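Residue strings, one per chain:
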Amino acid sequence: MPAVSALPQALVETLRARFGDRFQTGAAIRAQHGATTTWIENQPPDAVIFPECTAEVADIVALCAHAGVPVIPFGAGSSLEGQLNAPHGGLSIDLTRMIDILAVNAEDMDCVVQPGVTRSRLNEHLRDAGLFFPLDPGADATLGGMAATRASGTTAVLYGTMKDVVLSVEAVMPDGQVIRTGHRARKSAAGYDLTRLLVGSEGTLGIITELTLRLRGIPEAASAARCSFPTVEAASSAVIGALQFGLPFARIELLDATTVKAVNRYSRQDLPEAPLLLAEFHGGPNAVAEQSQAFGEIAREFGATGLDWTVDPEERARLWKARHDVFWAVLGLRPGARGISTDVCVPISRLAECIAAATEKAEALGLTAPIAGHVGDGNFHNLILVDPANREELAAARTYVGWLNELALSLEGTCTGEHGIGQGKQPYLEREMGPALGIMAAIKAALDPKGIMNPGKILVGHSAGR
Ligand SMILES: Cc1cc2nc3c(=O)[nH]c(=O)nc-3n(C[C@H](O)[C@H](O)[C@H](O)COP(=O)(O)OP(=O)(O)OC[C@H]3O[C@@H](n4cnc5c(N)ncnc54)[C@H](O)[C@@H]3O)c2cc1C
């Protein structure tokens, strides 16, 4: 990566004069605003700024565009593919002071929020209205960051991903212009779909300063079920069987035996240390009971044991908290190790064979790479534990990641179901997209001709991506 360039003095003076102590250059705060939750080396920005409204974001972007300085939007910092690094230096625009919930339109089941609102805060705010925002990536991410990475998580099997719940955005474009991509209508056929262009663009095309989001009614009842399997393939096959049967999972998650062991230790659970499925159903009390029982019957056909289910909210919350802490639990298996998270997603019918081959390959390479997956979507993660100082281990991990991504493509899948491309998955994007990558580069060049918006992410080696 090229060396970091300091900001021009004139820009620094202008930003200091306008933003006072909301413009910061200390080493610690810069490091916190590079990538921190990933194995990818931290590349801090030159400075960090904390705007409080759209006009300030537009002002900052216009000044940086004029000076040719990169800008990197920052949400909660939980992205996993080096999306926040500043390989070309520049200014991190931290949006965590833009936290207003601007409107809740209960009758229309939508809301308008600023980008720094986290999903948990939005849900606290909505509870009394009987509504909720259904997507849950586990990390308490910001809604701006979730839109920018097209995030999903454990509930995507029922509620979709950010592409399904964002109705429109307001965004500051690379020249400082403020645009709105749509309104509150449930559907629109008005021209190119700029909302979906910005959702998933990882801060490379514009900075989202407002989001209009679809909401859902809080279900009358929810049940959580769990059962263990002799193998991960048997568990995956049970999920395929249940989906084909038409069971409307709200969540269906797979943990392999090593992951369960890590969860037991980290979250003080007492789960049988064998491949495990965790399911959740939303609906009326009778419906969720019937669905849990039907799930148990199907699961037993695939060798499941220890079926247990509950409608108790506290027990459910405890179980899902443990699931969402899997990343930290697995890291705890090997103190000092870094985690490399894979993120392939394949058609459901190919999931069992993909997981079986992946498990075999990781073992053959001598890697500790436990599995947790949103298997209802065909999406699973290995968290490969590596000692960053051990070259052989790092090489084996890279071999594995490349091999797995190729396997997913050969099964008509993708290298990333939800974490995005950032820096980490760039080598695989060209292979996955073919000539369509050139179209992406053309869009980037047209919208951001100076290449100031989060350069060096998604598109590497393309002029506008620097
Ligand atoms: C323990 C753990 C579990 C996770 N599980 C999941 C999961 O199940 N599903 C999932 O999808 N992800 C998961 N992730 C990844 C991560 O939580 C998501 O990528 C999340 O959407 C990032 O949101 P953030 O607010 O942290 O964004 P950041 O990490 O701050 O930023 C992410 C990207 O978005 C850009 N960005 C941020 N805000 C804006 C904005 N307002 N406008 C334009 N661009 C912006 C940034 O420049 C960057 O490129 C997990 C991460 C961790 C650490």
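Residues numbered from 1 in each chain as written. Predicted model: local features only at pLDDT ≥ 70, side-chain atom pairs only at ≥ 80, totals over all residues. Heavy atoms only, no water.

1. Some remarks on the site of the ligand
In the region of the ligand, 35 residues are neighbours, and Pro-73, Gly-75, Ser-78, Ser-79 and Pro-137 sit closest. At 2.9 Å from an oxygen atom of the ligand is found a main-chain nitrogen or oxygen belonging to Ala-76. Glu-418 places a polar side-chain atom, nitrogen or oxygen, 3.0 Å from a nitrogen atom of the ligand. For the ligand, the protein covers 97% of the area, taking 980 Å² as the surface of the free molecule. Counting only elements with at least two residues in the shell around the ligand, the list comes to strand S3 (71–74), helix H5 (143–149), strand S10 (207–214) and helix H13 (326–331). When residues in the shell around the ligand are grouped by element, the largest group, 5 residues, is from H5. Here the shell around the ligand is composed, by residue class, of 17 nonpolar, 16 polar and 2 charged. (Near = heavy atom within 4 Å. Polar contact = N/O pair within 3.5 Å; in protein donor to acceptor, adjacent residues only side chain to side chain. Areas by Shrake-Rupley, 256 points an atom, 1.4 Å probe, with all protein chains shown as cover. Helix = DSSP H or I, 4+ residues; strand = E, 2+ residues; numbered from the N terminus. Nonpolar A, V, L, I, M, F, W, Y, C, P; charged D, E, K, R; others polar.)

2. Description of the packing of aromatic side chains
Following the criterion strictly, the structure yields 6 aromatic pairs and no others. A ring pair is formed by Phe-249 and Phe-281, whose centres lie 5.2 Å apart and whose planes are at 25 degrees; its orientation type is stacked. Of this pair, Phe-249 sits in the loop between helix H9 (232–245) and strand S13 (251–255) while Phe-281 sits in strand S14 (residues 276–283), placing them 32 residues apart in sequence. Classification of Phe-281 as buried rests on a relative accessible area of 0%. Put simply, the rings of Phe-249, Phe-281 and Phe-295 touch in pairs and so form one group of aromatic residues. (Phe/Tyr/Trp six-rings, centres within 6.5 Å; stacked < 30°, edge-to-face > 60°. Buried < 20%, exposed > 50% of the residue type's maximum accessible area, 1.4 Å probe, protein only.)

3. As for the pattern of salt bridges
Across all of its chains, the model carries 23 salt bridges by this definition. For Asp-110, the salt bridge goes to Arg-184, with nearest N and O atoms at 2.8 Å. One end of the pair, Asp-110, is in strand S6 (residues 110–113); the other, Arg-184, is in the loop between strand S9 (178–180) and helix H8 (194–198), with 74 residues separating them in the sequence. Across the pair Arg-251 and Glu-280 runs a salt bridge whose closest N-O atoms are separated by 3.2 Å. Taken as a pair, Arg-251 in strand S13 and Glu-280 in strand S14 lie far apart in primary sequence, 29 residues in all. Summarising the burial analysis for this pair, Arg-251 and Glu-280 share the class buried. Through salt bridges with shared partners, a single ionic network connects Arg-119, Asp-136, Asp-140, Arg-251, Glu-280 and Arg-316. (Salt bridge = Lys/Arg side-chain N within 4 Å of Asp/Glu carboxyl O.)

4. Things to note about the domain arrangement of the protein chain
Domains assigned within the protein chain are domain 1 (4–96), domain 2 (101–217), domain 3 (221–327) and domain 4 (334–410). One C-alpha centre belongs to domain 2, the other to domain 3; they are set 29 Å apart. The partner domain 3 presents 9 residues to the 7 residues of domain 2 that form the contact. Among the residues of domain 2 in contact with domain 3, Thr-154, Val-157 and Leu-158 are the three that bury the most area, contributing 62% of the side total. At the junction of domain 2 and domain 3, the tally comes to 1 salt bridge. Here Asp-136 makes a salt bridge to Arg-251, at a shortest N to O gap of 3.5 Å. Connecting domain 2 to domain 3 are 4 residue pairs in polar contact (both at pLDDT 80 or more). (Domains from an automatic or database assignment. Contact = heavy atoms within 4.5 Å. Buried area = accessible area lost by both parts, 1.4 Å probe.)

5. Comments concerning unusual backbone geometry
Where the residue is not glycine, phi is negative for most of them; where a peptide bond is considered, it is trans in most cases. Despite not being glycine, Met-109 has its phi angle at roughly 55 degrees, a positive value. One can find Met-109 in the loop between strand S5 (101–105) and S6. In this structure, Ile-458 takes a positive phi of about 60 degrees despite not being glycine. For Ile-458, a relative accessible area of 13% gives the class buried.

6. Side note on the sheet that holds strand S4 (residues 91–94)
Ordered in space as S1-S2-S4-S3, the 4 strands form an open sheet in which the pairing is mixed. Both outer strands of the open sheet, strand S1 (23–24) and S3, are each paired with one neighbouring strand and no more. Two strands pair when backbone bridges link them, and strand S2 (residues 47–49) and S4 are joined in this way by 3 bridges, in the parallel orientation. By the bridge assignment, Val-48 is partnered in S4 with Ser-92. Here helix H3 (residues 54–67) sits on the sheet and contacts S2, S3 and S4; the angle it forms with S4, its principal contact strand, is near 170 degrees. (Pairing = 2+ DSSP bridges. Axes fitted to C-alpha atoms, helices over the stretch in contact; angles between N-to-C directions.)

7. Brief notes about helix H12 (residues 313–324)
The terminal C-alpha atoms of H12, which comprises 12 residues, lie 16 Å apart, in line with the 16 Å expected from a rise of 1.5 Å per residue. Three or more residues of H12 are buried, namely Arg-316, Leu-319, Trp-320, Ala-322, Arg-323 and His-324. (Expected span 1.5 Å × (residues − 1).)

8. Quick notes on the pairing of strand S8 (residues 166–172)
With respect to burial, S8 is a largely interior element, 7 of its 7 residues being buried. Taken together, the 6 bridges between S8 and S10 define a ladder with antiparallel strand orientation. Looking at the pairing, Glu-170 lines up with Glu-210 of S10. Bridge count between S8 and S9: 3 bridges; the pairing is antiparallel. Note on S9: the bridge partner recorded for Ala-171 is Ile-179. Once S8 ends, the chain turns through 5 residues before running back antiparallel as S9, passing Gly-176 with a positive phi of about 95 degrees.

9. Side note on the sheet that holds S5
With antiparallel pairing, the 5 strands of this open sheet are ordered in space as S5-S6-S10-S8-S9. What marks the edges here is a single partner per strand, and that holds for S5 and S9. Looking at each pair of strands side by side, their axes are set apart by 10 degrees on average, direction ignored. Both S5 and S6 contribute to a ladder of 4 bridges, which runs antiparallel. Across the sheet, the residue bridging to Ala-103 is Val-112, located in S6.

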